[in-house]
Amino acid sequence: MKQSFWNWLKRRLFSKETATYCVFLFIAAVLWLMYTIGSQREIERKAAVVYWGIPDDVFLNDKLPTQITFKVRDEGEELSSFLFAEFDTIEIDLSAQFRHKGSSRRQEIKIDYKPYVEELVRPISSTSIVTNVDPSTIAYTYRRVYTRRVPVKFSVEPEVDPQYALLRAIKIEPAEVLIRGDRDVIDSVKCIYIDSIPGLLSRNDIIECRLLRPHRGVELLTKKVSVDVAVERVTEKNFRLPIEVVGADGVRVKLFPETANVIFAVGLSRYYDVDAKDFRVLFDYSLRDEERKIVRLSLQTNDDLEGIRYKIEPEEVEYITEQ
């Protein structure tokens, strides 16, 4: 069965009909090549466009195109070099058009795209002619607006997994962003908020976060920021501390109990930084609940408690006053 298939394939490949077909195909290819080489033809290509030199306080009323479509005419042989050509991005410097501030609130710039396309085409073929550019020449109106830098903050503070603690404060990069718009609107913006980070933080990571637009009249020139998170495993450390009475103004107060246990969830790198002598458990008499005869305890320290979670047991204590 297999042998008969190969015999059939050989007969088809080397048959007179196949040979005739190949000859006609070759002749057609030669004729097409002669036609394309000896005649003027057009090809359509595209190129990306970027702009620079636009001041931050300029608001264009129309979006600038990021892609240009153009047609090139030439002899077929020359034109073939455009089929697989990789075009550089067209860079357009607009800084000169914004140097002189006019008195009018609405002003105009003009961009002629054809010279940029011709400069792009010239290194590929010196004989090729650019016959069409889309868009060609366009006028864009713009207006001057007010700009200001404002700090970036979290709309909701990120939560750390209970098994971890922040190794350092969370870093936001950039810490400030530029906004623009009408002055009365921009002056009312005190900060730009980061969209909330979902889930609990449990690893070292750099998270890209979206910024929330505070008002329709405010444009964010930076749309996203990076949030740098560094965490570490936590362990517990606790101290039994005396409770100190403050705010009693000479009134003698007796507490039940007179000591409290402070339990810290501290990162491994800061374990030896947490020392009992740096903390005071306070009973603030001015915050007393006269009916229930209790006060909620608080913790005071000269050290920085950022990134250290703690709890006081008990949270509240009973008291009596003595004459």
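Everything here concerns the structure above.
In every chain, residue numbers begin from 1 and rise along the written sequence. Owing to the predicted nature of the model, reporting of local features is limited to residues with pLDDT of at least 70; listing and counting of side-chain atom pairs is limited to 80 or more, with chain, interface and lining totals taken over all residues. The side-chain figures draw on all heavy atoms in the structure; neither hydrogens nor water molecules are used.

## Remarks on the overall build of the protein chain
- Looking only at helices and strands, one finds 5 helices and 25 strands in the protein chain.
- Relative accessibility decides the category of a residue: with a 1.4 Å probe and only protein chains considered, values under 20% of the type maximum give buried, values over 50% give exposed, and everything between is partly exposed. For the protein chain, with 323 residues in total, the buried portion stands at 33%.
- Contacts are assigned to residue pairs that have any heavy atoms within 4.5 Å of one another. When contacts within the protein chain are restricted to residue pairs at least 6 apart in sequence, long-range pairs at least 24 apart make up 74% of them.
- The protein chains shown are the only cover counted for residues, whose accessible areas, like all others here, come from Shrake-Rupley with a 1.4 Å probe. For the protein chain, the accessible surface area stands at approximately 21400 Å², while carbon and sulfur atoms represent 51% of it. Secondary structure elements are taken from DSSP: a helix is a run of H or I of four residues or more, a strand is a run of E of two residues or more, and numbering for both begins at the N terminus.

## Observations concerning the environment of Glu219
- With respect to the helices, strands and loops of the structure, Glu219 is situated in strand E16 (residues 219-220).
- Considered as a pair, Glu219 and Thr147 are 72 residues apart in the sequence and their alpha carbons are 9.5 Å apart.
- Filtering out sequence-adjacent residues up to four positions away, Glu219 remains in contact with Phe59, Leu178, Ile179 and Arg180.
- Side-chain atoms alone can form a polar contact between residues adjacent in sequence; in general such a contact is a pair of N or O atoms within 3.5 Å, and within protein one must be able to donate a hydrogen while the other accepts it. Among the polar contacts listed, one links the side chain of Glu219 to the side chain of Arg180, at a separation of 2.7 Å.

## Structural notes on the sheet that holds E16
- The rule for pairing is simple: two strands pair if DSSP sees at least two bridges between them. The 4 strands lie next to each other as E13-E8-E12-E16, forming an open sheet whose pairing is mixed. Each having just a single partner strand, strand E13 (192-194) and E16 make up the two edges of the open sheet.
- Inspection of the sheet shows strand E8 (residues 146-154) paired to E13 by 3 bridges, in the parallel sense. Counted as the bridge partner of Phe154 is Ile194 from E13.

## So, the pattern of salt bridges
- Salt bridges, as used here, are contacts in which a Lys or Arg side-chain nitrogen is within 4 Å of a carboxyl oxygen on Asp or Glu. Considering all chains together, one arrives at 19 salt bridges under this definition.
- Glu244 is paired through a salt bridge with Arg280; the nearest N and O atoms lie 2.9 Å apart. With Glu244 in strand E18 (residues 231-246) and Arg280 in strand E21 (residues 279-284), the pair connects residues that are 36 residues apart, well separated along the chain.
- Arg280 sits in the partly exposed class, given a relative accessible area of 33%.
- In this structure, Arg292 engages Glu316 in a salt bridge whose closest nitrogen and oxygen atoms are separated by 3.7 Å. With Arg292 in the loop between E21 and strand E22 (294-296) and Glu316 in strand E25 (residues 316-322), the pair connects residues that are 24 residues apart, well separated along the chain.
- Counted as one network, the salt bridges with shared partners bring together Arg292, Arg296, Glu315 and Glu316.

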